[in-house]
Amino acid sequence: MTTANTEPKAHSHGLGQIPVSKLDTHGSKDVDAFPVPNGREEEWRFTPLRRLKGLHDWKGTADGTDEVTVDAPEGVTVEQVGRDDERLGKAGLPVNRVIAQAYTSFEQATVVTVPQSLAADKAIRIDRKALGGTAFEQLVIDVKPLAEATVIISNTGTGVRAGSLDVHVGEGAKLTLVSLQEWDHDAVDVSQHNARVGKDASLKSIVITLGGDVVRLSPRVSYEERGGNAELYGLYFAGKGQHHEHRSLIDHNVSNTRSRVDYKGALSGKDARAVWIGDVIIGEGTTGTDSYENNRNLQLTDDTRVDSVPNLEIFTGEVAGAGHASASGRLDDIHLFYLRSRGIPEEEARRLIIRGYFLDIVNRIDDEELRDHVMEKVERKLATHE
């Protein structure tokens, strides 16, 4: 397995120059603010546009339907609101044409609110089953100051889906967010997750991507005040013909903030494709930022492809810690030999190695039943390459 591990240095700028990030932290709700992509743009060059079923230049009709159920503990409110609700778009604006199209096309948004100081006694579960067609959606999770909650979002079914998930984590609040992409094999999903982390607040995001024909998910984090902490974890397993793309951006726009990004992937089967783009910005004039991002990929068969691109931009010399690592490769023959030399059949040895490889991500899920479910799905994909 080839490994690249770098500790970036601060950018140097000429006298009087103002540092400008190459990474876009802005956005727009206007579809026409974004040109129709042709696949040569940096942000689209890894995405198979022809398989997005028209999302990148939408001219059709939103004819899709979903079955959505929300199971929330006492004290948590669930609302359906219109596009004029002031809570929409506060965590982050659309950063590409597909997400802007979704923002201008949805009819109603779901807003889940955890009131101040409430420690939810069970997880909030949002189950969405897509029943075909094309649909654009918005979901807001608003965790008020000093509240604590776990939210588990499950996406299943078939169809074409695009939209945003906006997350507000208030001062001193704690949120664990688990998002499962278990779409049918013909489904397309392009989503943007926006998180705004308040003073001394903590966000733990766990993304699990196992299904879908094309899944492109973009988690983005910014901070409101000092002391914010964001941990982004991901697990993806691309099988035959699947395209799984994850593009994270952490904007350390405030001093004394912390982030950790750790995504692990596996690929097995003809034309399985995985893309991970990890962007971190440490803003001008900030101090005390502590950031690290890591990506690992296992290519279990020869006919797979991985693109792993960490990017780190630093505009200050006052950094507590910053770095990134990326590695992609095959299973270690030494590990296989060790297990087989002790009488373990090759397929069982491979299963044990994959299970151990993903275990540190899966174990971050507090729900034991959900942990077992994820590992069962991983082992099924390992056996079928689908």
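Model, not experiment: these values are computed from the prediction.

Draft legend 1. Geometry of the packing of aromatic side chains. Inspection of the entire model under this criterion finds three aromatic pairs. Taken together, a centroid distance of 5.7 Å and an interplanar angle of 75° make the contact between Y103 and F106 edge-to-face. Assessed through its relative accessible area of 7%, Y103 is described here as buried. Judged by its relative accessible area of 2%, F106 falls in the buried class. Residues Y357 and F358 carry aromatic rings whose centres are separated by 4.9 Å and whose planes lie at 50° to one another, so their mutual orientation is tilted. Assessed through its relative accessible area of 0%, F358 is described here as buried. The positively charged end of R83 is found above the aromatic ring belonging to F106, 4.5 Å away from the centroid.

Draft legend 2. Spatial organisation of the environment of P37. Tracing the backbone through its elements, the reader meets P37 in the loop between β1 (2-6) and β2 (66-71). The exposure class assigned to P37 is buried, which follows from its relative accessible area of 6%. C-alpha separation for the pair P37 and D57, spaced 20 residues apart in sequence, amounts to 8.0 Å. Leaving out residues up to four positions away in the same chain, P37 has contacts with W44, L49, H56 and R97.

Draft legend 3. The arrangement of the nonpolar core in detail. Counting 44 residues, the largest nonpolar core has I141, V151, I153, L175 and V221 as its most contacted members. If you tally residues by element for this core, the top one is strand β6 (residues 148-169), at six residues. Discounting chain neighbours no more than four positions away, the residues touching V221 are A195, V197, L203, A230, L232, L249, I250 and D251. Within the second largest apolar cluster, 26 residues are counted, among which are L180, I206, L331 and Y357.

Draft legend 4. Representation of the pairing of strand β14 (residues 272-282). Counting buried positions along β14 yields eleven of eleven residues, so the element is predominantly enclosed. Residues A272, A274, W276, G278, V280 and I282 line one face of β14 and the alternating positions R273, V275, I277, D279 and I281 line the opposite face, and both faces are buried. Relative to β14, strand β12 (residues 243-252) runs parallel, the two being bridged by ten bridges. Bridging from a neighbouring strand, E245 pairs with V275 of β14.

Draft legend 5. A look at the pairing of β6. With 18 of its 22 residues buried, β6 lies for the most part within the structure. As judged from the 18 bridges shared by strand β5 (residues 124-143) and β6, these two strands associate in the parallel manner. By the bridge assignment, V143 is partnered in β6 with V169. Where β6 lies against strand β7 (residues 174-183), ten bridges are found, and the strand directions are parallel. Bridge pairing in β7 places I152 opposite V178.

Draft legend 6. Structural context of the side chain of E231. By the secondary structure assignment, E231 is in strand β11 (residues 229-238). What makes E231 buried here is its relative accessible area of 18%. Among the polar contacts made by the side chain of E231, one reaches the side chain of Y233 at a distance of 2.9 Å. Here R258 takes part through its side chain, which lies 3.2 Å from a polar atom of the side chain of E231.

The rules behind these values
Residues numbered from 1 in each chain as written. Predicted model: local features only at pLDDT ≥ 70, side-chain atom pairs only at ≥ 80, totals over all residues. Heavy atoms only, no water. Phe/Tyr/Trp six-rings, centres within 6.5 Å; stacked < 30°, edge-to-face > 60°. Buried < 20%, exposed > 50% of the residue type's maximum accessible area, 1.4 Å probe, protein only. Lys NZ or Arg CZ within 6 Å of the ring centre and 35° of its normal. Helix = DSSP H or I, 4+ residues; strand = E, 2+ residues; numbered from the N terminus. Contact = heavy atoms within 4.5 Å. Core = buried A, V, L, I, M, F, W, Y, C linked by side-chain atoms within 4.5 Å. Pairing = 2+ DSSP bridges. Polar contact = N/O pair within 3.5 Å; in protein donor to acceptor, adjacent residues only side chain to side chain.

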